[in-house]
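As a plain string of letters, each chain reads:
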Amino acid sequence: MSMEMDMSLGCNSSGVPLLSCRNLRVSFGVTEALRGVDVDIYPGEVLAVMGPSGSGKSTLLHALAGVVKLDTGTVTYNGSDVTALSEAERSALRLSAFGFVFQFGQLLPDLSAVDNVSLPLLLAGIPRRRALQQAKSWLDRLGLAGFGDKLPGEMSGGQAQRVAIARALVNAPKILFADEPTGSLDSLAAENVMLTLTDLARATGTTVVIITHDPRTAAHADREIIVRDGLVTSGSVAFSQASDVPQ
Ligand SMILES: Nc1ncnc2c1ncn2[C@@H]1O[C@H](COP(=O)(O)OP(=O)(O)OP(=O)(O)O)[C@@H](O)[C@H]1O
Ligand SMILES: [Mg+2]
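Residue numbering note: each chain is counted from 1, following its sequence as written. All chains are assigned letters beginning at A, and all ligands numbers beginning at 1, according to the order in which they are written. Owing to the predicted nature of the model, reporting of local features is limited to residues with pLDDT of at least 70; listing and counting of side-chain atom pairs is limited to 80 or more, with chain, interface and lining totals taken over all residues. Only hydrogens and water are set aside when side-chain values are computed; all heavy atoms of the structure are taken into account.

With that out of the way, let us pick up the site of ligand 1. Distances are taken per atom, and a residue is near a molecule or strand as soon as one of its heavy atoms is within 4 Å of it. Near ligand 1, the surroundings consist of 13 residues, among which Ser53, Gly54, Lys57, Ser58 and Thr59 are the closest. Between an oxygen atom of ligand 1 and a main-chain N or O atom of Gly54, the distance comes to 2.8 Å. Polar contact is defined as a pair of N or O atoms within 3.5 Å, subject to the rule that within protein one atom must be able to donate a hydrogen and the other to accept it, and that residues adjacent in sequence are counted only when both atoms are side-chain atoms. At a separation of 3.0 Å, an oxygen atom of ligand 1 approaches a polar backbone atom of Gly56. In this description a helix means any DSSP run of H or I spanning at least four residues, a strand means any run of E spanning at least two, and both kinds are numbered starting from the N terminus. For the shell around ligand 1, the elements supplying multiple residues, two or more each, are strand 2 (31-41) and helix 2 (57-64). Residue contributions to the shell around ligand 1 peak at 3 residues, all from helix 2. Gly falls in the polar group here, along with every residue not listed as nonpolar (Ala, Val, Leu, Ile, Met, Phe, Trp, Tyr, Cys, Pro) or charged (Asp, Glu, Lys, Arg). Of the residues that constitute the shell around ligand 1, the class distribution is 3 nonpolar, 8 polar and 2 charged.

See below:
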């Protein structure tokens, strides 16, 4: 496995990828959502995934995170073949190493902000008092001091997204997967959420894979890839040539 991985490293980086995939194919019935995708994601980078609606971006994210069944292909995390793990092992990997933020609706509506954020810590077996303390300090870092007792429905969209980011970061994931995390926000709130997210990711060394339609959001990333019709075009040259990326 490691031989195979060494031979397939990206040619324009000397680092070793934290997460990579080779020849990913995923279909839903007759729809081929991914048609042979290779991606390398390097430790600490913020990678934007762009491309038209229906092109396979979310499917790629789910495949990389190990939550969708592959037709063929391999996903390698930290040198290990994730596709060879059992479902229970993959789920343990997700809990310990991956964080997720989605477009909306991911907060539990009946739990306060601080309870939402402390949930992953409680699931990981951290005692309640310590979990609540850590959750509070993440809310403070995200500019939400004083919002701990609010329910998601009592906050603005941008505030709720920052709670979701706090919840995704609270147990120090190695990789944060974000699927259009600012897609439901106005441009100012989106800008704030992106600045917060990228600042925190860079301060903590967290790798971020973020799907976005918004070039201003992508501008916060270190690198963009484009997914089109189930295939990936990598790199800034391909990006500048892509004339039909949604604005
Ligand atoms: N659960 C599913 N069942 C059937 N088809 C699906 C399913 N999920 C995705 N697809 C199909 O796979 C293709 C890729 O979908 P995907 O959600 O990955 O696109 P996307 O790039 O994330 O689009 P968007 O920007 O609209 O979110 C689409 O043709 C979609 O209809
Ligand atoms: Mg999508």
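Let's pick the thread back up.
Take the number of residues in a helix, subtract one, and multiply by 1.5 Å to get its expected span. Counted at 1.5 Å a residue, the expected span for helix 5 (residues 128-141) with its 14 residues is 20 Å, and the 20 Å between its end C-alpha atoms agrees. Partly exposed residues are those whose accessible area sits between 20% and 50% of the maximum for their type, while under 20% is buried and over 50% is exposed, using a 1.4 Å probe and protein chains only. Turning to helix 5, its buried residues are Ala131, Leu132, Ala135, Trp138 and Leu139. One face of helix 5 carries all of its buried residues, which in axial projection span an arc of 125°. Facing away from the buried side of helix 5, by more than 90 degrees, are the exposed residues Arg129 and Gln133. Buried residues belonging to helix 5 abut helix 4 (113-123), helix 6 (157-169) and helix 7 (187-204). Backbone geometry just after helix 5 places Gly143 at a positive phi near 75°. Directions pointing from the helix axis toward each C-beta atom define the arc. Contacts are assigned to residue pairs with any non-hydrogen atoms lying within 4.5 Å of each other.

Pairing between strands requires that DSSP locate at least two bridges from one strand to the other. Taken together, 4 strands build an open sheet; the order of strands is 2-1-4-5 and the sheet is antiparallel. The open sheet terminates on both sides in strands that have one partner only, identified here as strand 2 and strand 5 (80-81). Across 8 bridges, strand 1 (residues 19-28) lies against strand 2 in antiparallel orientation. Considered in strand 2, the bridge of Cys21 is made with Val39.

This part is about the side chain of Ser20. Counting through the fold element by element, Ser20 comes out in strand 1. In this structure Ser20 comes out as buried when scored by relative accessible area, which is 6%. Among residues more than four places away in sequence, those in contact with Ser20 are Val39, Asp40, Thr74, Val75 and Thr76.

Tracing the sequence through the fold places Ser118 in helix 4. Non-local contacts of Ser118, meaning those with residues more than four positions away in its chain, are made with Ala131, Leu132 and Ala135.

Turning to the pattern of salt bridges, a few remarks are in order. Any Lys or Arg side-chain nitrogen located within 4 Å of an Asp or Glu carboxyl oxygen qualifies as a salt bridge. Counted by the stated rule, this structure contains 8 salt bridges. With a closest N to O distance of 3.4 Å, Arg216 and Asp214 form a salt bridge. Residue Arg216 is classed as exposed on the basis of its relative accessible area of 51%. Where salt bridges share partners, they join Glu87, Arg90 and Arg94 into one cluster.

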